[in-house]
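Reading the structure
What follows is each chain in one-letter form.
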Amino acid sequence: MFTTVELKKEGRLAHLTLNRPASMNAMDSVMMKELADVFEALKRDATVQVLVIQGAGRAFSAGGDIKAMLDPDSPMDIGNVMVDVSRLAKALYTLPQVTIAVVHGAAAGLGFSLVLGCDYIIAEEESKLAMNFIGIGLIPDGAGHFFLKERVGIPQAKNLIWSGKVMNGQEALEKGLIDEVTAQGKGAERGEAFAHKLLASPIAAMIASKHILHSQKTAELENVLKMESEAQVAMRKTADHLEGIQAFVEKRKPAFAGK
């Protein structure tokens with residue numbers, strides 16, 4: 001059914017795996033649409049109460065697929081892409097399940113936005129977490145602004161967005177960005193244990209509280225997504241963005257001009 005993600009259900013527990021390991025689960029337009037489709041389907045699934053999200057291979061997700069952005073044979077339609085990015089972020093935030101992100105390797109850019117949208121975040125010690133859109137002259141999307149602000153407040157959110165700082169698990173924990181650090185190679189095991197702990201709890205009450213708290217913020221989230229989409233379309237046309245992605249592909253330091 002899906003080509004870039006894998007969803008498995010085991011009773012009240014579901015596992016969603018980002019499944020482009022050869023590309024470090026970089027998100028192309030297909031994966032963005034499939035993630036949105038999966039989350040919207042789970043919104044209608046009352047049988048699942050806990051969702052664990054993880055990445056196949058060496059990373060959670062390296063973020064948006066920059067090589068796909070440069071493909072002359074299949075140019076990325078940023079307008080259509082932002083529709084799916086907004087769909088996946090809103091559906092994730094409003095899921096009637098407790099969501100657990102299990103991070104190993106990189107969780108960058110849109111991949112980090114996806115992580116931050118989860119209810120509970122576990123990261124391995126040597127993970128590399130970064131809201132690093134700034135490196136290619138873009139702004140966070142996938143509700144990155146909203147999720148960062150919810151986690152750490154506006155001043156810290158701006159600092160992380162503007163710096164593009166790469167953090168390991170312990171650094172992210174100290175900043176309040178994640179909930180738990182686990183030993184290298186133990187993330188999946190810890191995520192599974194925590195999921196089963198939740199399932200042995202009065203989880204219907206927990207989900208009801210999530211709904212009450214998140215419902216108060218949905219209108220704000222929708223507004224952020226609209227503004228992110230408009231700004232990202234504009235940023236994609238800038239000279240700084242073109243320089244940023246060319247420098248990334250050529251493995252050199254970009255020379256930004258503020259244009």
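Use the structure listed above.
To keep things clear, this report deals only with the structure shown in the data block.

Reading the values: the criteria
- Residues numbered from 1 in each chain as written.
- Predicted model: local features only at pLDDT ≥ 70, side-chain atom pairs only at ≥ 80, totals over all residues.
- Heavy atoms only, no water.
- Helix = DSSP H or I, 4+ residues; strand = E, 2+ residues; numbered from the N terminus.
- Buried < 20%, exposed > 50% of the residue type's maximum accessible area, 1.4 Å probe, protein only.
- Contact = heavy atoms within 4.5 Å.
- Areas by Shrake-Rupley, 256 points an atom, 1.4 Å probe, with all protein chains shown as cover.
- Lys, Arg positive; Asp, Glu negative; His and termini not counted.
- Charge placed at Lys NZ, Arg CZ, Asp CG, Glu CD.
- Axes fitted to C-alpha atoms, helices over the stretch in contact; angles between N-to-C directions.
- Parallel < 35°, antiparallel > 145°, perpendicular 65-115°, else oblique.
- Left-handed = near helix turned anticlockwise from the far one by under 90°.
- Nonpolar A, V, L, I, M, F, W, Y, C, P; charged D, E, K, R; others polar.
- Core = buried A, V, L, I, M, F, W, Y, C linked by side-chain atoms within 4.5 Å.

Concerning the overall build of the protein
Of the regular secondary structure elements, the protein holds 11 helices and 8 strands. Considering the protein as a whole, with its 259 residues, one finds that 51% of them fall into the buried category. For the protein, the proportion of contacts with a sequence separation of at least 24, taken over those separated by at least 6, is 73%. Accessible surface computed for the protein: about 11900 Å², of which carbon and sulfur atoms make up 56%. Distance between charge centroids for the protein: 3 Å, based on 29 positive and 31 negative side chains.

Structural notes on helix α5 (residues 144-152)
Listed in full, the buried residues belonging to α5 are G144, F146, F147, L148 and V152. For α5, the secondary structure elements touched by its buried residues are α3 (78-93), α4 (110-116), α6 (154-163) and α10 (218-235). Just downstream of α5, G153 is the residue with a positive phi angle, here 90 degrees.

Some points on the packing of α3 against α10
For the pair α3 and α10, the least separation of the axes is 10 Å and the interaxial angle reads 160 degrees. Viewed along their axes, α3 and α10 adopt a mutual orientation that is roughly antiparallel. The interaxial crossing formed by α3 with α10 has right-handed handedness. Of the residues in α10, those in contact with I78, M82, S86, A89, K90 and Y93 of α3 are T218, L221, E222, L225, E228, S229, Q232 and V233. Counted by class, the contact of α3 with α10 contains 7 nonpolar, 4 polar and 3 charged residues.

Brief notes about unusual backbone geometry
In the Ramachandran plot, M24 falls in the positive-phi region, its phi being about 55 degrees despite a non-glycine side chain. With respect to the secondary-structure elements, M24 resides in the loop between β2 (13-18) and α1 (29-43). With relative accessibility at 25%, the residue M24 sits in the partly exposed group. Positive phi, normally seen in glycine, also occurs at A143, with a value near 65 degrees.

A short note on the nonpolar core
In terms of nonpolar packing, the biggest core is built from 62 residues, with L35, F39, L114 and L177 touching the most fellow members. The biggest single contributor to this core is α3, with 9 residues. Non-local contacts of F39, meaning those with residues more than four positions away in its chain, are made with L16, L51, I53, L88, A91, L92, L95 and L114. V52, I122, F194 and L198 belong to the second-largest nonpolar core, a separate cluster that totals 14 residues.

Some thoughts on the environment of S86
Positionally, S86 belongs in helix α3. Given a relative accessible area of 16%, S86 falls into the buried group. For the pair S86 and S229, spaced 143 residues apart in sequence, the C-alpha to C-alpha distance is 7.8 Å. For S86, the contacting residues outside a window of four places in its chain are L225 and S229.

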